[in-house]
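# Architecture and fold: a report
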Amino acid sequence: MDLQPHKKIQTTIKTVLDGDTVILRYNGQEFSSRARWIDAPETKKWGQSSEDPRILKHWDWA
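The notes below deal with the structure included here. (Residues numbered from 1 in each chain as written. Predicted model: local features only at pLDDT ≥ 70, side-chain atom pairs only at ≥ 80, totals over all residues. Heavy atoms only, no water.)

Let's shift gears to the environment of Pro41. In this structure, Pro41 sits in the loop between strand S3 (29-34) and helix H1 (53-61). Along the sequence, Pro41 and Asn27 sit 14 residues apart, while their C-alpha atoms lie 30 Å from each other. (Helix = DSSP H or I, 4+ residues; strand = E, 2+ residues; numbered from the N terminus.)

Working definition: the strands of a sheet are paired by backbone hydrogen bonds and lie parallel or antiparallel to each other. Ordered in space as S1-S2-S3, the three strands form an open sheet in which the pairing is antiparallel. At either margin of the open sheet sits one strand with a lone partner, and together these are strand S1 (12-18) and S3. Each strand of the sheet is rotated relative to its neighbour by a mean of 25°, with strand direction disregarded. Sheet analysis places S1 next to strand S2 (residues 21-26), joined by five bridges and oriented antiparallel. If you follow Thr12 over to S2, its bridge partner there is Arg25. (Pairing = 2+ DSSP bridges. Axes fitted to C-alpha atoms, helices over the stretch in contact; angles between N-to-C directions.)

Tracing the backbone through its elements, the reader meets Thr21 in strand S2. Classification of Thr21 by relative accessible area gives buried; the value is 13%. When residues no more than four places from it in sequence are discounted, the contact partners of Thr21 are Val16, Ser33 and Arg34. (Buried < 20%, exposed > 50% of the residue type's maximum accessible area, 1.4 Å probe, protein only. Contact = heavy atoms within 4.5 Å.)

Printed below as a string of structure tokens:
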């Protein structure tokens, strides 16, 4: 993929992974993009479990 810094491109959002990461589609190719300066809580992934109250609170906020 030939991307140049500060050049605008038209993409399509394929998937939102969590509050700060998306999968984009551009010219038939897919790539992930993470928002700078944003640190959103991670979402609970399928099959994950925890007894730790900090992690459970983290998932609640996600």
